[in-house]
Amino acid sequence: MIIGILNSGGDCPGINSVIEGYVAAAYSRGWRVIGFHDGFEGLLPVVGGRRYEVLNLLKTHKIRSLGGTILGTTNTGNFNVQVNKVGRHSLDPQIMAKAKKTITALGLEALAVIGGGGSAKTAKLLAEEGLPVISIPKTINNDLCGASDYTFGFQSAVEVVASSIDRIRTTANAHKRIMVIEVMGDRSGWIALHSGIAASADVVLIPEINFDVKHVVDGIMQRHNAGQREIIVVVAEGCLLNGELVTVFNKDNGEERLGGIGNRLCHLLEQETGIETRYCVLGHTQRGGSPCAFDRVLGLRFGVEAVKLIERKEFGTSVVLKGGKVGTTSIDEASEPRLVNPENHLVQTARELGIIFGDREPEDVRRMHATK
Ligand code: F6P
């Protein structure tokens, strides 16, 4: 049997772990694997060449610790899902036909798509066309899989952010500064929440909890006046500032992207508190580097499970981690956005630890610094 694999959308640590698990499980069944380059684009014919390669055990042995993806990826191109006036999703019929032709010509009996929410929608459309497709959720934002615990890439991103905050804290302490750290997450606050708790942030701002700058300022001033030298503020890129998303607009290609709230908040806080304030945008460092051990293991588990799905011919489904177990669910459920529930245990724990979310008057700081 010959099966295919591709990854689409933003890269993240752990993709190569999935690929290694997938190839190992396929070869243990006597199957062969073809890997497509640069996302779904690899399914399109190119004159005088091809955008795929045979993946064997030698090529994929121990790539589980490699960041990025040996296949390359893209989050632009010909496979963006179109939505009509009644919300129906579709792909350009010519593109769909070319993809089908490639899959048929190569004799593929299955195609695994490693991707985020957008790529999962494309995978679902291919499956609805009768193609043997399965999906593997991927994103550092952990904002997928309504039915799952984690996506691989997330823990690696949290490690990068938490260790970056630890480093930023020493310079903030030296200068008695407020440091605003902008992190990724798209419209979710999972990275900000986990890394802020892990690295003792004073303030954690997430899109799921609207904040009032006044409450943030009051909390900062309480701690500053109580003698705290450095103040750490972690803000997720998708937060609303005074009710608006903060974005950057590329005049050349008309593209608008999330980003810039760290800078805006830095100036606001400095203005309101009178405390020297700087900001740091961690950007793609959160997507780069080698996967942490947790993500390597999860990626390998997802890759092996994907082959078992194919063996059971459960096409049109997705691999997920649910209740600590690797299982499967529909592509729809797996790509269901999953945002932070403000009432969840982790947010409650953060509040007990004195973390300021900016949605209410700050706790009296005397409680924080009570000494017997
Ligand atoms: O969706 C993952 C993500 O990392 C977002 O958090 C971030 O805003 C975006 O991708 C960046 O995309 P790109 O790599 O295209 O700049």
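Scroll up for the structure.
Q: What is the right way to read the overall build of the chain from this model?
A: From N to C terminus, the chain includes 12 helices and 17 strands. Expressed along its principal axes, the backbone C-alpha trace of the chain runs to roughly 70 × 45 × 35 Å. Residues classed as buried in the chain amount to 53% of the 372 residues present. Entry remark: accessible area of the chain is about 16600 Å², with carbon and sulfur atoms responsible for 50%.

Q: I keep staring at the sheet that holds strand 15 (residues 277–281) and nothing clicks. Help me out?
A: Remark on secondary structure: sheet strands pair via backbone hydrogen bonds, oriented parallel or antiparallel. In space, the 4 strands of this open sheet follow the order 9-10-8-15, with parallel pairing throughout. If you trace the sheet from one side to the other, it starts and ends with strand 9 (203–205) and strand 15, each paired once. With strand direction ignored, the average angle separating the axes of adjacent strands in the sheet is 15°. Bridge count between strand 9 and strand 10 (residues 231–236): 3 bridges; the pairing is parallel. When the bridges of strand 10 are listed, L205 appears paired with V235. Running at roughly 170° to strand 9, helix 6 (residues 190–198) makes contact with strand 8 (178–183), strand 9 and strand 10 of the sheet. Packing of helix 8 (residues 261–273) onto the sheet brings it into contact with strand 8, strand 9, strand 10 and strand 15, and relative to strand 8 it is tilted by some 160°.

Q: Could you clarify how one ought to interpret the site of the ligand in this entry?
A: Close contacts around the ligand come from N75, I140, N141, M184, G185, D186, E237, R257, H284 and R287, and that covers them all. Between H284 and the ligand, the recorded distance is 3.0 Å, taken from a side-chain N or O atom to an oxygen atom. R287 has a polar side-chain atom sitting 2.8 Å from an oxygen atom of the ligand. Relative to its unbound accessible surface of 400 Å², the ligand loses 76% to contact with the protein.

Q: Looking at this structure, I do not really get helix 6. What am I missing?
A: For the α-helix, the turn length of 3.6 residues means that residues three or four positions removed from each other point alike. The buried fraction of helix 6 amounts to 7 of the 9 residues, a majority that puts the element mostly inside the structure. Within helix 6, the full set of buried residues consists of W190, I191, A192, L193, H194, S195 and G196. Those residues of helix 6 that are buried lie in contact with helix 5 (154–175), strand 8, strand 9, strand 10 and helix 11 (345–352). Following helix 6 by one or two positions, S200 adopts a phi angle in the positive range, close to 60°.

Q: Just to check I follow, could you spell out the packing of helix 5 against helix 6 for this structure?
A: The axes of two packed helices give the description: the angle between them and the distance between them. Contact geometry of helix 5 with helix 6 gives a least axis separation of 9 Å together with a crossing angle of 45°. By the angle class used here, helix 5 and helix 6 are oblique. Helix-helix and strand crossings are classified by hand; for helix 5 and helix 6 the assignment is right-handed. Of the residues in helix 6, those in contact with F154, A157, V158, V161, A162 and I165 of helix 5 are W190, I191, H194, S195 and A198. A breakdown of the residues in the contact of helix 5 with helix 6 according to their chemical character gives 9 nonpolar, 2 polar and no charged.

Q: Before we go on, may I ask you to explain the packing of aromatic side chains in this structure?
A: Both the distance between ring centres and the angle between the ring planes are used here to describe each pair of aromatic rings. Evaluation of the coordinates by the stated rule reveals 5 aromatic pairs. Their ring planes at 80° and their centres at 6.1 Å tell us that F152 and F302 sit as a pair that is edge-to-face. Taken together, the residues span a long stretch of sequence, with F152 in the loop between strand 7 (133–137) and helix 5 and F302 in helix 9 (residues 293–311) at a distance of 150 residues. Note on F152: relative accessible area 0%, which makes it buried. A relative accessible area of 0% places F302 in the buried class.

Q: When you look at helix 4 (residues 117–128) in this model, what are you seeing that I'm missing?
A: Taking 1.5 Å as the rise per residue, helix 4 with 12 residues should run 16 Å; its terminal C-alpha atoms sit 17 Å apart, in good agreement. Every buried residue of helix 4 is accounted for by S119, A120, T122, A123, L125, L126 and A127. Packing partners of the buried residues in helix 4 comprise strand 5 (89–90), helix 3 (93–105), strand 6 (108–115), strand 7 and helix 10 (331–334). Taken from the residues just after helix 4, G130 is the one with a positive phi, measuring 90°.

Q: Got a minute to help me understand the side chain of S8 in this structure?
A: Turning to its location among the elements, S8 is positioned in the loop between strand 1 (2–7) and helix 1 (15–27). In this view, S8 contacts G39, F40, T73, T74, I114, G115, G116, S119 and K138; residues no more than four positions away in its chain are not counted.

Q: In this structure, what is going on with the pairing of strand 13 (residues 247–250)? I would like to understand it.
A: The side chains of a regular strand alternate, first on one face of the sheet and then on the other. As defined by bridge partners, strand 13 adjoins strand 14 (residues 255–258) across 4 bridges and the pair is classed as antiparallel. When the sheet's bridge partners are listed, F249 is paired in strand 14 with E256. Adjacent in sequence and paired antiparallel, strand 13 and strand 14 are bridged by 4 residues, among which G254 carries a positive phi angle near 70°.

Q: For this particular structure, what's the right way to read the packing of helix 6 against helix 11?
A: Relative to each other, helix 6 and helix 11 sit at 35°, their axes nearing to 11 Å. Helix-helix and strand crossings are classified by hand; for helix 6 and helix 11 the assignment is left-handed. Here helix 6 contributes L193, H194 and I197 to the contact with helix 11, which in turn contributes L346, V347 and A350. Among the residues forming the contact of helix 6 with helix 11, the class breakdown is 5 nonpolar, 1 polar and no charged.

Cut-offs used in this document
- Residues numbered from 1 in each chain as written.
- Predicted model: local features only at pLDDT ≥ 70, side-chain atom pairs only at ≥ 80, totals over all residues.
- Heavy atoms only, no water.
- Helix = DSSP H or I, 4+ residues; strand = E, 2+ residues; numbered from the N terminus.
- Buried < 20%, exposed > 50% of the residue type's maximum accessible area, 1.4 Å probe, protein only.
- Areas by Shrake-Rupley, 256 points an atom, 1.4 Å probe, with all protein chains shown as cover.
- Pairing = 2+ DSSP bridges.
- Axes fitted to C-alpha atoms, helices over the stretch in contact; angles between N-to-C directions.
- Contact = heavy atoms within 4.5 Å.
- Near = heavy atom within 4 Å.
- Polar contact = N/O pair within 3.5 Å; in protein donor to acceptor, adjacent residues only side chain to side chain.
- Parallel < 35°, antiparallel > 145°, perpendicular 65-115°, else oblique.
- Left-handed = near helix turned anticlockwise from the far one by under 90°.
- Nonpolar A, V, L, I, M, F, W, Y, C, P; charged D, E, K, R; others polar.
- Phe/Tyr/Trp six-rings, centres within 6.5 Å; stacked < 30°, edge-to-face > 60°.
- Expected span 1.5 Å × (residues − 1).

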